[in-house]
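Listed below are the residues making up each chain.
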Amino acid sequence: MDLTTPALLFPAISLLLLAYTNRFLTLAQVIRQLHASADPGAALVQRQIPGLKRRIILIQYMQGFGVLSFLLCALSMFALFVHGETPGKFLFGCSILVLALSLILSLVEVLISTNALAVVVEDLEQPR
């Protein structure tokens, strides 16, 4: 394995972290809008709070594991640069596993987000 193999992950991880940051900013905007709404104690808002809390935690872990994956990838490149083949491969493998964990958490966050939308659609379907 040479230095370019882990280097291939660098742009992918960077874009993933950017996507995670965008999801966090969007979630923060939704929470602020709900807080500023006419009736933050409304049943619809209250039904969304548990999902919002879970999403905040998930995004925090997604970003953390994404950064850890980036760091492990960089350490892998350094190990390969100083001709440490075995540590380089090990660190690269760890980087991929941590990245996979981050992606799984991302999927869970998307599912929770979808459920939150279902709650809003259900509220829209109810006659006023």
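Conventions adopted
- Residues numbered from 1 in each chain as written.
- Predicted model: local features only at pLDDT ≥ 70, side-chain atom pairs only at ≥ 80, totals over all residues.
- Heavy atoms only, no water.
- Core = buried A, V, L, I, M, F, W, Y, C linked by side-chain atoms within 4.5 Å.
- Buried < 20%, exposed > 50% of the residue type's maximum accessible area, 1.4 Å probe, protein only.
- Helix = DSSP H or I, 4+ residues; strand = E, 2+ residues; numbered from the N terminus.
- Contact = heavy atoms within 4.5 Å.
- Expected span 1.5 Å × (residues − 1).
- 1 Å grid on protein atoms, 1.4 Å probe; cavity = no way out; pocket = protein on both sides within 12 Å on 5 of 7 lines; lining within 4 Å.
- Points joined across faces, edges and corners; volume = space filled by probe spheres on them.
- Nonpolar A, V, L, I, M, F, W, Y, C, P; charged D, E, K, R; others polar.
- Salt bridge = Lys/Arg side-chain N within 4 Å of Asp/Glu carboxyl O.
- Patch = residues over 30% accessible without salt bridge, like charges linked within 9 Å, V, L, I, M, F, W, Y side chains within 5 Å.
- Areas by Shrake-Rupley, 256 points an atom, 1.4 Å probe, with all protein chains shown as cover.

A. Local environment of the nonpolar core. Ranked by internal contacts, the top residues of the largest apolar core, which has 16 residues, are L9, I13, M62 and L99. Breaking this core down by element, the ones donating at least two residues are helix 2 (9–36), helix 3 (43–81) and helix 4 (85–125). What L9 contacts, discounting residues up to four positions off in sequence, is C73, F92, S95, I96 and L99.

B. The arrangement of helix 2 in detail. In a regular helix each residue adds 1.5 Å, so 28 residues correspond to 40 Å; helix 2 covers 40 Å between its end C-alpha atoms and thus fits that length. Close packing links the buried residues of helix 2 with helix 1 (4–7), helix 3 and helix 4.

C. Summary view of the environment of H83. Mapped onto the elements, H83 comes out in the loop between helix 3 and helix 4. In sequence terms H83 and T5 are 78 residues apart; their C-alpha atoms lie 14 Å from each other.

D. Structural context of the layout of surface pockets. Taken as a whole, the largest pocket encloses approximately 180 Å³ of empty space. Taken together, V30, Q33, L34, Q48, L52, R55, S113, A116, L117 and V120 form the lining of the largest pocket. Mapped onto the lining of the largest pocket, the elements with two or more residues apiece are helix 2, helix 3 and helix 4. Looking at which element gives the most residues to the lining of the largest pocket, the answer is helix 4, with four residues. Of the residues contributing to the lining of the largest pocket, the split by class is six nonpolar, three polar and one charged.

E. Inspection of the pattern of salt bridges at higher detail. For the structure shown, the criterion picks out four salt bridges. Among the charged side chains, a network of salt bridges with common partners joins R23, R55 and E109.

F. Local environment of a nonpolar patch on the surface. A surface patch of nonpolar side chains, amounting to about 410 Å² of accessible area, comprises L3, F78, F81 and V82. Take V82: it is sitting in the loop between helix 3 and helix 4.

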